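Listed here are the chains, written in short residue letters.
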Amino acid sequence: MSDYQFEKILGIQTTADEPAAIHLADNHSYEPTAYNVLELLANEIEVTDEDSFVDFGSGKGRVAIYANYRWGIPVTGIEYDELCVEVANMNRHLYCKKYGEKEITFHHQLAQNYRIQKTDSIFFFFNPFSPAVFEKVLANINKSYERYPRNMKIIVYFPMFEYVDLLDWSSFQFVKELLMPPQMIMSPNDRLLIYERNSF
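Residues numbered from 1 in each chain as written. Predicted model: local features only at pLDDT ≥ 70, side-chain atom pairs only at ≥ 80, totals over all residues. Heavy atoms only, no water.

A. Broad picture of the overall build of the protein. A tally of regular secondary structure across the protein gives six helices and seven strands. If you list the helices and strands of the protein from N to C, you get α-α-β-α-β-α-β-β-α-β-α-β-β. For the protein, with 200 residues in total, the buried portion stands at 48%. Contacts in the protein between residues far apart in sequence, at least 24 positions, make up 74% of those at least 6 positions apart. When the accessible surface of the protein is summed, it comes to about 10100 Å², and 51% of that surface belongs to carbon and sulfur atoms. (Helix = DSSP H or I, 4+ residues; strand = E, 2+ residues; numbered from the N terminus. Buried < 20%, exposed > 50% of the residue type's maximum accessible area, 1.4 Å probe, protein only. Contact = heavy atoms within 4.5 Å. Areas by Shrake-Rupley, 256 points an atom, 1.4 Å probe, with all protein chains shown as cover.)

B. Expanded view of unusual backbone geometry. The phi angle at Asn-127 is positive, at roughly 45°, despite the residue not being glycine. Within the secondary structure, Asn-127 is located in the loop between β4 (122–125) and α5 (131–147). Relative accessible area serves as the criterion here: at 13%, Asn-127 is assigned to the buried category. One non-glycine residue with positive phi stands out, namely Phe-158, at about 55°. On the secondary structure map, Phe-158 appears in the loop between β5 (152–157) and α6 (161–168). On the basis of relative accessible area, Phe-158 is assigned to the partly exposed category, the value being 24%.

C. Geometry of the pattern of salt bridges. Across all of its chains, the model carries seven salt bridges by this definition. Close ionic contact of Asp-3 with Arg-62 constitutes a salt bridge, the shortest N to O distance being 3.2 Å. Taken as a pair, Asp-3 in helix α1 (residues 3–10) and Arg-62 in helix α3 (residues 62–71) lie far apart in primary sequence, 59 residues in all. Arg-70 is the salt-bridge partner of Glu-39, the closest N and O atoms lying 2.9 Å from each other. Here Glu-39 is found in helix α2 (residues 35–42), whereas its partner Arg-70 is found in helix α3, with 31 residues between them in sequence. According to the relative accessible area criterion, Glu-39 is partly exposed, its value standing at 26%. (Salt bridge = Lys/Arg side-chain N within 4 Å of Asp/Glu carboxyl O.)

D. Expanded view of α1. Buried residues of α1: Phe-6, Glu-7 and Leu-10, and no others. The buried residues of α1 occupy an angular sector of 100° when the element is viewed end-on, so they sit on one face. Projecting away from the buried face of α1 at angles above 90 degrees are the exposed residues Tyr-4 and Lys-8. The secondary structure elements touched by the buried residues of α1 are α2, α3 and α4 (82–99). One or two positions beyond α1, positive phi appears at Gly-11, with a value near 80°. (Arc of directions from axis to C-beta.)

E. The sheet that holds β5, seen in detail. Overall, mixed pairing links the seven strands, which are arranged β3-β2-β1-β4-β5-β7-β6 in an open sheet. Either end of the sheet is taken by a strand with one partner, and the two such strands are β3 (104–108) and β6 (173–179). Pairs of neighbouring strands in the sheet enclose a mean axial angle of 15°, with direction left out of account. The pairing of β5 with strand β7 (residues 191–197) spans six bridges and is classified as antiparallel. Across the sheet, Met-152 pairs through a bridge with Arg-197, a residue of β7. Each of β2 (75–79) and β3 touches α4; the most contacted strand, β3, lies at about 170° to it. (Pairing = 2+ DSSP bridges. Axes fitted to C-alpha atoms, helices over the stretch in contact; angles between N-to-C directions.)

F. Just the packing of α3 against α4, in detail. Their axes nearest at 10 Å, the elements α3 and α4 cross at an angle of 20°. For the element pair α3 / α4, the angle class is roughly parallel. Seen along the crossing, α3 lies across α4 with a hand that is right-handed. Residues Ile-65, Asn-68 and Tyr-69 of α3 lie in contact with α4, whose contacting residues are Asn-91, Arg-92, Tyr-95 and Tyr-99. For the contact of α3 with α4, the class distribution of residues is four nonpolar, two polar and one charged. (Parallel < 35°, antiparallel > 145°, perpendicular 65-115°, else oblique. Left-handed = near helix turned anticlockwise from the far one by under 90°. Nonpolar A, V, L, I, M, F, W, Y, C, P; charged D, E, K, R; others polar.)

Worth remembering: the numbers are spatial, not functional.
So this is what it looks like as structure tokens:
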């Protein structure tokens, strides 16, 4: 199914058709994750009703809204670009108008300043910011685990080497690598990596 067809199903519009309103050295410009990548992920990971999904660098809301649509769980988007957050909230409105009110929240703030909630358990990253920021966010996730031990997943798409290195030295364990089908591969790094930290 094409991205356009998925957008019609969800009732949203998240394509990258304008430049970011602002730019910070540590934050990367908006690029939406393809729906076929999200479908691959959704078919490979186990999600429970107790999970809560956080998309760091949530842009116009595609990943967050898809996660709610696919799994029916609460989702949170963290985004530094105020214009993207406005578009994401409009997309949330359109999606909820079509499917009913959902637990979807978008925050306009820097990722390293987001306070990890004790229910947050699945964290998604598509290279949204520099390794230095990722390191701070990873530390926040680990601090939350220490306060409230629970099963957690970190998912990185098209990961930079530095992200992988930080995860390899973290308390999270590498679980699985998902490779795109040959017809979808645009780069040798076109892959999803899944890490877990369990409370048992």
